[in-house]
Amino acid sequence: MGCCGSTESKRDWKPLEERSCTDIPWLIVFTLFCIGMACICGFSIATGGASRMMSGYDSYGNTCGRNNTKIEGVPLSGRDMTENKYVFFLDPCNLDLINRKIKSVALCVSRCPATELKTYSDLKQFALNNGSHLCSYDISATRYPSHGERFTKCPKLPILPSKAVPLLRRCIPVDLSCYAEFAQAFVTFVTDNTVLRRVIGGVMASKEIIMGLCVLALVLSLIMMAVIRYISKVLVWILTVLVIIGSIGGTGVLWYLYVDHRNALNNNTTSVFGREVASDNVKALLVFSIGATIFTVVLLLVMFILRKRVALTISLFHVAGKVFIHLPLLVLQPFWTFLCLMLFWVYWIAVLLSLGTTGTPVKNNSTSAVEYHMQGPLQYMVWYHAVGLIWISEFILAFQQMTIAGAVVTYYFTRNKSQMPATPILSSMIRTIRYHLGTLAKGSFIITLVKIPRLILTYIHSQLKGKENACARCMLKACVCCLWCLEKCLAYLNQNAYTATAINSTSFCSSARDAFIILVENALRVAAINTVGDFILFLGKVLVVSCTGFAGILALNYQREYTVWVLPLLIACMFAFLVAHCFLSVFENVVDVLFLCFAVDTKYNDGSPGREYYMEKSLMEFVENSKKMGRYKPGDGDGREMKSMARGATFA
């Protein structure tokens, strides 16, 4: 389990040779950690926490639908609730908003009331007819109308019809009247805040347009991937020109619409509500126009600075497009990863909720209700569970990166593409599972070590908002920013380490060291890929968002009388960016993997017999141009380094 203190000799990279398992100790540690996570789940099930969460329990510690054991000091505990499978609250309106709990007494009943019960006689008749006793267990049904404690031990009248929540078995009123006061308060707030009312009204009036814009964003992202696959040679120039035109044109349209709406507002003779809507639209258009102008100016300056380097990324993009032609299912990797993450997060939340009802039953002296609390070392299981959320989530993301890296490495280092495996992505997944899970565990754990303190400091910083100690808040913010930068750098190094492992089948630290050396030797090329290449992909995302926003402006312009543009347009643009990021992030990973493969290829091969290049012809042209630009005189001590720098500058 040692790290970068190895004294290995200089390595000659030999891709796709016979493999061996890597970082086995870390795989054992990760397996033991996952077993610990499973034990926490098993503990919550064995101690009844899972069943109490799913089936519910009453205020006396009895789990509904079970035969319970007696709890010392609680007279009504230890009852047989096999026939009483549903939780019923005597006063469901008694809500504790701070602690997010219902403070009402809870009982286990055999049936939820299906009709409204207005009197205690109705309550008695319901119990006699259905065998479902809605008052405290120590009161018989025949005494409901006359019992002296019926006002405290029976439900608050009237009892509204209830329906059992699926899986959770809680009797929840269909029309919960106690929400009326919260709804009334919200309505009052909305009525007073006319801007919010009009914004919400604009979203509701534009819901069809928002859905249409979301579909448009998905189609534009697919078209962008098609452009990357089939016309990658002109992709950079298409994106550059379209983004310039789109940014300038969109900014011009926004200013034109602002002037048009302002003139319409000055000449407006409609109702007061219509003038308010028009005034809000003018303000929104002014904000959008100023923001678009600033963004366009910055964008043009950056593109002017990088204009000489834009064309040099075309070859690498062309090869990446070919990768997607041979491996089209790479586009689906984010969806599978998202599905795995969602399943894990649902499991994690279910176990966390189960832990909330696990522990020793304790009687609350203020409410006389039984609550479950974990005591002693068991309470640290929640922290263990929280670390598992971060580590396993990072492990799933690392598995996607390793799968993509393995598939792209297979493509790059296969000279005859017709001899590639029938399912290279599946082969990469199997190879990762068989040999390199330990490497993923180690890499994801390093990210976890940085992410946990960053999240803790972020939480502390949020708690200090509004406090007088501004110096402490600034220092915390600086620490958070430093940890964020460190996390991003480690994530980039990890990704290249996974690529090196996919090529060389070496351990994480050896792969990270080798990848770092390769990246340092090609610093200019790395700078180009991480500036020009990533910037071009960012422009692709901007293009999708710009087109979606432009279409939204045109569509919403026809509803200027009753729709405020702010929220509908923001919702559509945010969704467009997320969709575009989902597709183009995979392309970005492919480009990074191809670059490391190219750097390894040029370092250990020179095109001579027996050391032929693996690269595509388009990349070969860059190598030849680099050699021409890197001519040096024999015996010149600095010539080889100048050649290397010239080669890096050519590719960069």
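Our structure's up above, just so we're on the same page.
As the structure is a prediction and not an experimental result, all values here were calculated from the model. Starting afresh in each chain, residues are numbered from 1 along the sequence in its written order. Note on the predicted model: pLDDT of at least 70 is required for a residue's local features to be given, and 80 or more for side-chain atom pairs to be given and counted; whole-chain, interface and lining totals, by contrast, use all residues. The basis for the side-chain values is all heavy atoms of the structure; hydrogens and waters are excluded.

**Student:** Can you lay out the packing of aromatic side chains for me, pointing to particular residues and giving the numbers?
**Tutor:** Whether two aromatic rings pair depends on their centres lying within 6.5 Å, for rings of Phe, Tyr and Trp, where Trp uses its six-membered ring; planes under 30 degrees apart make the pair stacked, over 60 edge-to-face, and the rest tilted. Counting across every chain of the model gives 13 aromatic pairs. Consider the rings of Phe30 and Phe395, whose centres lie 4.4 Å apart with planes at 20 degrees: the pair is stacked. Residue Phe30 is located in helix H1 (residues 24–46), and its partner Phe395 is located in helix H13 (residues 381–412); the two are separated by 365 residues in the primary sequence. You can call Phe30 buried: its relative accessible area is 7%. The buried label applies to any residue whose accessible area, calculated with a 1.4 Å probe on protein chains only, is under 20% of its type's maximum; exposed applies above 50%, and partly exposed to all values in between. Its relative accessible area of 12% is what places Phe395 among the buried residues. A centroid spacing of 4.9 Å and a plane angle of 55 degrees characterise the contact between Trp391 and Phe445, whose relative ring orientation is tilted. In this pair, Trp391 is assigned in helix H13 and Phe445 in helix H15 (residues 437–463), connecting sequence segments 54 residues apart. Residue classification places Phe445 among the partly exposed positions, given a relative accessible area of 23%. Sitting above the plane of the Tyr120 ring, Arg150 keeps its charged end 5.7 Å from the centroid. A run of DSSP states H or I qualifies as a helix once it reaches four residues; a run of E qualifies as a strand once it reaches two. Both are numbered from the N-terminal end. As a reminder, the over-ring test applies to NZ of lysine and CZ of arginine, requiring each to be within 6 Å of the ring centre and within 35 degrees of the ring normal.

**Student:** Break down the layout of surface pockets for me, citing the residues and quoting the values.
**Tutor:** A pocket, in this scheme, is an open set of points on a 1 Å grid over the protein atoms alone with protein on both sides within 12 Å along at least 5 of 7 lines, while a cavity is a set where a 1.4 Å probe fits but cannot get out; residues line either one if an atom lies within 4 Å of a point. Grid points are joined across faces, edges and corners, and a volume is the space filled by probe spheres set on the points. In this structure, the second largest pocket occupies an estimated 1200 Å³ of space. Taken together, 34 residues form the lining of the second largest pocket, with Gln401, Lys488, His581, Ser585 and Asn589 sitting closest to its centre. Of all the secondary structure elements, the ones that give two or more residues to the lining of the second largest pocket are helix H12 (333–356), H13, H15, helix H16 (470–504), helix H18 (523–556) and helix H19 (566–604). Throughout this entry, Asp, Glu, Lys and Arg are counted as charged residues, while Ala, Val, Leu, Ile, Met, Phe, Trp, Tyr, Cys and Pro are counted as nonpolar. The remaining residues, Gly among them, count as polar. Taken together, the residues of the lining of the second largest pocket sort by class into 16 nonpolar, eleven polar and seven charged.

**Student:** So what about the pattern of salt bridges? Which residues, and what values?
**Tutor:** Just to be clear on terms, a salt bridge is a Lys or Arg side-chain nitrogen sitting within 4 Å of an Asp or Glu carboxyl oxygen. Within this structure, the stated rule accounts for six salt bridges. Lys451 is the salt-bridge partner of Glu394, the closest N and O atoms lying 2.6 Å from each other. Note that Glu394 is positioned in helix H13 and Lys451 in helix H15, a separation of 57 residues in sequence. Summarising the burial analysis for this pair, Glu394 and Lys451 share the class buried. Across the pair Glu487 and Arg454 runs a salt bridge, and its minimum N-O distance is 2.7 Å.

**Student:** An account of the side chain of Asp23 is requested, with residue identities and associated values reported.
**Tutor:** Mapped onto the fold, Asp23 is located in the segment before H1. Within the buried core, Asp23 has no salt-bridge partner, and the shortest N-O distance to an opposite charge, that of Lys442, equals 4.1 Å. Among the polar contacts made by the side chain of Asp23, one reaches the side chain of Thr439 at a distance of 2.8 Å. Residue contacts for Asp23: discarding those within four places in its chain leaves Gly438, Thr439, Lys442, Ser507 and Phe508. For the purpose of counting charges, residues Lys and Arg are taken to be positive, whereas Asp and Glu are taken to be negative. His and the chain ends are not included. Any N or O atom pair separated by 3.5 Å or less is treated as a polar contact, with the protein-specific requirement of one donor-capable and one acceptor-capable atom, and with residues adjacent in sequence counted only for side-chain atom pairs. Any two residues having at least one pair of non-hydrogen atoms within 4.5 Å are treated as being in contact.

**Student:** Pulling in residues and values, what's your account of the packing of H1 against H12?
**Tutor:** Only C-alpha atoms enter the line fits that serve as axes; for helices the fit covers just the stretch in contact. Angles between N-to-C directions range over 0 to 180 degrees. Here H1 crosses H12 at 45 degrees, and the two axes come no closer than 9 Å. By the angle class used here, H1 and H12 are oblique. Both H1 and H12 take part in a crossing whose hand is left-handed. Between H1, through Met37, Ala38, Ile40, Cys41 and Ser44, and H12, the contact on the second element is made entirely by Tyr347, Trp348, Val351, Ser354 and Leu355. Considered class by class, the residues forming the contact of H1 with H12 number eight nonpolar, two polar and no charged. Orientation labels follow simple angle bins: below 35 degrees gives roughly parallel, above 145 gives roughly antiparallel, 65 to 115 gives roughly perpendicular, and whatever is left gives oblique. We call a crossing left-handed when the near helix sits turned anticlockwise from the far one by less than a right angle, and right-handed when that turn is clockwise.

**Student:** Quick one: what's the story with unusual backbone geometry, residue by residue and with numbers?
**Tutor:** Of note, the amide linkage connecting Leu157 to Pro158 takes the cis form, showing an omega dihedral of -5 degrees. Tracing the backbone shows Pro158 in the loop between helix H4 (150–153) and strand S5 (162–164). Here Asp23, not a glycine, exhibits a phi torsion of approximately 50 degrees, which is positive. The exposure class of Asp23 is buried, given its relative accessible area of 11%.

**Student:** Could you give an account of empty space enclosed by the protein, with specific residues and numbers?
**Tutor:** Enumeration over the complete set of coordinates arrives at one cavity of 30 Å³ or more. Put simply, the largest cavity is a space of about 30 Å³. Along its surface, the largest cavity is lined by Met402, Gly406, Ser428, Arg431, Thr432, His436 and Ala502. Going through the elements one at a time, H13 and helix H14 (424–435) are the ones with two or more residues in the lining of the largest cavity. If you tally residues by element for the lining of the largest cavity, the top one is H14, at three residues. Grouping the constituent residues of the lining of the largest cavity by class yields two nonpolar, four polar and one charged.

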